Amino acid sequence: MTTTVAGPAGRTGKNDPARPGPPAREQGRGRRRRGILGENPIGVLLSAPYIAFIALVFAYPIVFAVWMSFHDYFFAAPGAQVDRPFVGFENYVAVLSDPKVWQSFYNVGVFLVINVPLTVVISILLATALNRVVHAKTFFRVSYYVPYVTASVAVVAVWMFLFAKNGLINQILGPLAPNPSWLVNSALAMPTIAFFVTWKGMGFYILLYLAALQNIPKELYESVSMDGGGRVRQFFSVTVPGVRPATLLVVLLSTITGANLFTEPYLLTGGGGPNGASATPVLLIYQKGIQQGNPDVAAAIGVMLIIMVLALAAIQRKFVGGEES
Amino acid sequence: MRRALGSKVALYVVLSIGALAFLFPFYYMVIGSLQTDPDPTVAGAFPDPANISADNYVAINERINLLTGLANSGIFTMGAILGTVVFGLLAGYALAVLHWRGRGTVFALALLVQVVPFQLLMIPLYVMIARDYGLSDSYLGMIIPFFINSTAVVIFRQYFLQLPKEMFDAARIDGAGELRLLWSVALPLVRPALLTVVLLTFIGPWNEFLWPFLITKEASMQPLAVSLANFISNIAASTANPFGAMLAGAVVLAIPAVVLFLVFQRWFTSNELGSGVKG
């Protein structure tokens, strides 16, 4: 009966002699009494709003989404009694037999192949450089995170202007400008979106790497330099392994960003065009669920996406191999 | 000596190219929003003063009400910040300082929740909030999913953990209750965390597009990000200078966030962010 579910941070009072042993619930040795809720039951009360929030806004919707994906769910007037029969894997079959869904997952793949390496390499380099300078440090740091703090909707407008058919980028490229132009070109639409998102999120990742760089002991650099290693050597044998946990985090967060992609394809490429070349799963969730009124199919896409994110996260953990700091 | 100088120059060159790449679109945004005749050529980046006017701001304000949009964004953001700060503080304090059954589980949940892509929950949340509770076109419906931010809970917990335990014990011996402790001992010491959390929470709702886009159909209830997006995707084409008007709206949407971060940039530092996301 004595369930000890206390997690890693559980309250296994070290100076509590009354804890082990069969004589159950012998209270009152310590200064304060220990109930079933632990030493400070008020903790439960203080966290209650947060716990309720997680239950209502995360746990319940996830369960609801899974339930919906196995039923014939459609929108009805509020309060109307309607029958929503169990349909087994029907929604999943509909999803898996839809080439548009496959393409959207493929598009996220294209996004990740561009976004993840670019983000990791550029943000490590810029963070390392930033960590070494003394002058104008604040200016550089601030300029890097300005895109990060600005609304996507706002910066999308500039990119549309820059990458328009006769926009500045094509003016500079002259005869090298792609035809059809960037955002209406089925081979270039998704890469352009990936560049946009990489650029926009970079500031946050640079800050993460800066934090990680603080944790690398200076002695390591000194010892490499004693052995005659130059800057490049130091970078690869001290910096890169030293920021590994941060790299794992960056890769994971980029993956989540990729899974969440909506605003950029919706606005930059007018709803995932051309011909779905830049459509993403979330865009399809929106189109199928809200626009076409098939929330059950949309929920099935969501469930598949969540499974895929978790699987990718597990794989990345294995390969990048990060012990959490 | 010569080599050291060379590497220093290279360092600044790299950083400057980077800064240019990050800042130029913003410069171009402002320039573009002020040009009466759009000039997409390279010369357009250094415009002729005769071509500069506020016409585009007037034009977009006629199509979407900028002030209403800003007010809606403000209310949405303030609601989220209020909930996040009050309840995030309570939860962070409880997780760091108090010993109670289940706190390990709650903390693990707080970390897990940050990994779940919010977008995936949008269909069930939309059904619940818009259909079942009828909260579409309301501030409450917009705010609910953003009401408490798990990252904030983790940041607060991290800060409270850094405070010396003895301080709390001393106050307890003096007979202070937990709420009293939180209010007059812990809170004054975590002010920097408070600012970080406010700044971080600000970016979310202020810049958020998808959720308020789903939940608001009435133009008078839309935050600026949503009305600007609708303008970009539906209305812009019918305007005399579509890019100019779009960029003017973009500047209005961008300015509050950018100014806030420029003013408080000292508090938006790497260490706090790192601890917040790493847990």
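Predicted model only: the values in this text are computed from it and were never measured.

### Focus: the overall build of chain B
- Within chain B, the secondary structure is distributed over 14 helices and zero strands.
- When the helices and strands of chain B are listed from N to C terminus, the series reads α-α-α-α-α-α-α-α-α-α-α-α-α-α.
- In summary, chain B has a C-alpha radius of gyration of 23 Å against a globular reference of 19 Å for 279 residues, an excess of more than 25%.
- Here the C-alpha coordinates of chain B stretch approximately 75 × 70 × 30 Å along the principal axes.
- Buried positions account for 56% of the 279 residues belonging to chain B.
- Contacts spanning at least 24 positions in sequence make up 73% of the contacts within chain B whose residues lie at least 6 apart.
- Charged side chains in chain B number 15 positive and 14 negative. The centres of these two groups are separated by 16 Å.

### Digging into the nonpolar core
- Of all hydrophobic cores here, the largest spans 196 residues; its most connected members are Met29, Tyr93 and Phe160 of chain B.
- Here this core gets 16 residues from one element, more than from any other, and that element is helix α7 (residues 189-214) of chain A.
- For tyrosine 93 of chain B, the residues in contact, after removing those within four places along its chain, are Leu46 of chain A together with Leu98, Phe160, Phe168, Glu178, Leu181, Leu182 and Ala186 of chain B.

### Observations regarding the pattern of salt bridges
- Counted according to the given criterion, the structure contains three salt bridges over all chains.
- Aspartate 98 of chain A serves as the salt-bridge partner of lysine 288 of chain A, at 2.9 Å between the closest nitrogen and oxygen. Highlighted residues: lysine 288 of chain A in helix α12 (residues 281-291) and aspartate 98 of chain A in the loop between α2 (90-96) and α3 (99-132), separated in sequence by 190 residues.
- Residue arginine 172 of chain B pairs with aspartate 169 of chain B through a salt bridge whose shortest N-O separation is 3.4 Å. Residue arginine 172 of chain B and its partner aspartate 169 of chain B are both found in helix α8 (residues 165-173); the two are separated by three residues, about one turn of the helix.
- According to the relative accessible area criterion, arginine 172 of chain B is buried, its value standing at 15%.
- Members of the salt-bridge network, linked through shared partners, are Asp169, Arg172 and Glu178 of chain B.

### Examining helix α5 (residues 152-162) of chain A
- Extensive coverage of α5 of chain A is indicated by the burial of eleven of its eleven residues.
- Among all positions in α5 of chain A, only Ser152, Val153, Ala154, Val155, Val156, Ala157, Val158, Trp159, Met160, Phe161 and Leu162 of chain A are buried.

### Remarks on the interface of chain B and chain A
- Counting residues at the interface gives 89 residues for chain B and 99 residues for chain A.
- Inspection of the region where chain B meets chain A yields zero salt bridges.
- The tally of links between chain B and chain A comes to ten residue pairs in polar contact (both at pLDDT 80 or more).
- With 17 residues, helix α1 (residues 2-34) of chain B is the largest single contributor of residues to the side of chain B that touches chain A.
- Here the side of chain B that touches chain A is built from residues that sort into 67 nonpolar, 16 polar and six charged.

### Thoughts on the side chain of arginine 103 of chain B
- Looking at the element boundaries, arginine 103 of chain B is found in helix α4 (residues 103-113).
- As a buried residue without a salt bridge, arginine 103 of chain B has its nearest oppositely charged side chain in glutamate 39 of chain A, at a separation of 8.8 Å.
- At 3.0 Å, the side chain of arginine 103 of chain B forms a polar contact with the backbone oxygen of leucine 95 of chain B.

### Notes on a nonpolar patch on the surface
- Side chains of Leu5, Val9, Val13 and Ile17 of chain B sit close together on the surface and give an oily, nonpolar patch of about 380 Å² of accessible area.
- Its place among the elements puts leucine 5 of chain B in helix α1.

### Let's talk about the environment of glycine 270 of chain A
- On the secondary structure map, glycine 270 of chain A appears in the loop between α11 (263-268) and α12.
- On a C-alpha basis, the gap between glycine 270 of chain A and valine 184 of chain A in space is 9.2 Å, while along the polypeptide they are 86 residues apart.

### Here's the deal with the environment of valine 113 of chain B
- In this structure, valine 113 of chain B sits in helix α4.
- Using a relative accessible area of 9% as the deciding quantity, one classes valine 113 of chain B as buried.
- Counting along the chain gives 140 residues from valine 113 of chain B to leucine 253 of chain B, while the straight-line C-alpha distance between them is 29 Å.
- When near neighbours in sequence (up to four residues on either side) are disregarded, valine 113 of chain B contacts Ile54 and Phe58 of chain A together with Ser150 of chain B.

### Concerning the packing of α3 of chain A against α12 of chain A
Residues and elements named next belong to chain A.
- Interaxial distance between α3 and α12 falls to 8 Å at its minimum, and their mutual angle equals 145°. The segment α3 lies against α12, with Lys100, Val101, Ser104, Phe105 and Val108 engaging Pro281, Leu284 and Lys288.
- Its residues assigned to classes, the contact of α3 with α12 comprises five nonpolar, one polar and two charged.

### What about the confidence of the model for chain B?
- Residue-level pLDDT values for chain B average 88, and 95% of them are 70 or greater.
- The complex prediction reports pTM at 0.87, with the ipTM value standing at 0.90.

### A look at the packing of aromatic side chains
- Scanning all chains against the criterion turns up 40 aromatic pairs over all chains.
- Three or more aromatic residues link up through ring pairs in this structure, and these residues are Trp159, Phe163, Trp182, Phe196 and Trp199 of chain A together with Phe26 of chain B.
- When the ring centre of phenylalanine 213 of chain B is taken as reference, the NZ or CZ atom of lysine 217 of chain B above it lies at 5.6 Å.

Calculation rules
- Residues numbered from 1 in each chain as written.
- Chains lettered and ligands numbered in written order.
- Predicted model: local features only at pLDDT ≥ 70, side-chain atom pairs only at ≥ 80, totals over all residues.
- Heavy atoms only, no water.
- Helix = DSSP H or I, 4+ residues; strand = E, 2+ residues; numbered from the N terminus.
- Rg over C-alpha atoms; globule rule 2.2 N^0.38 Å.
- Buried < 20%, exposed > 50% of the residue type's maximum accessible area, 1.4 Å probe, protein only.
- Contact = heavy atoms within 4.5 Å.
- Lys, Arg positive; Asp, Glu negative; His and termini not counted.
- Charge placed at Lys NZ, Arg CZ, Asp CG, Glu CD.
- Core = buried A, V, L, I, M, F, W, Y, C linked by side-chain atoms within 4.5 Å.
- Salt bridge = Lys/Arg side-chain N within 4 Å of Asp/Glu carboxyl O.
- Polar contact = N/O pair within 3.5 Å; in protein donor to acceptor, adjacent residues only side chain to side chain.
- Nonpolar A, V, L, I, M, F, W, Y, C, P; charged D, E, K, R; others polar.
- Patch = residues over 30% accessible without salt bridge, like charges linked within 9 Å, V, L, I, M, F, W, Y side chains within 5 Å.
- Areas by Shrake-Rupley, 256 points an atom, 1.4 Å probe, with all protein chains shown as cover.
- Axes fitted to C-alpha atoms, helices over the stretch in contact; angles between N-to-C directions.
- pLDDT = per-residue confidence, 0-100.
- Phe/Tyr/Trp six-rings, centres within 6.5 Å; stacked < 30°, edge-to-face > 60°.
- Lys NZ or Arg CZ within 6 Å of the ring centre and 35° of its normal.

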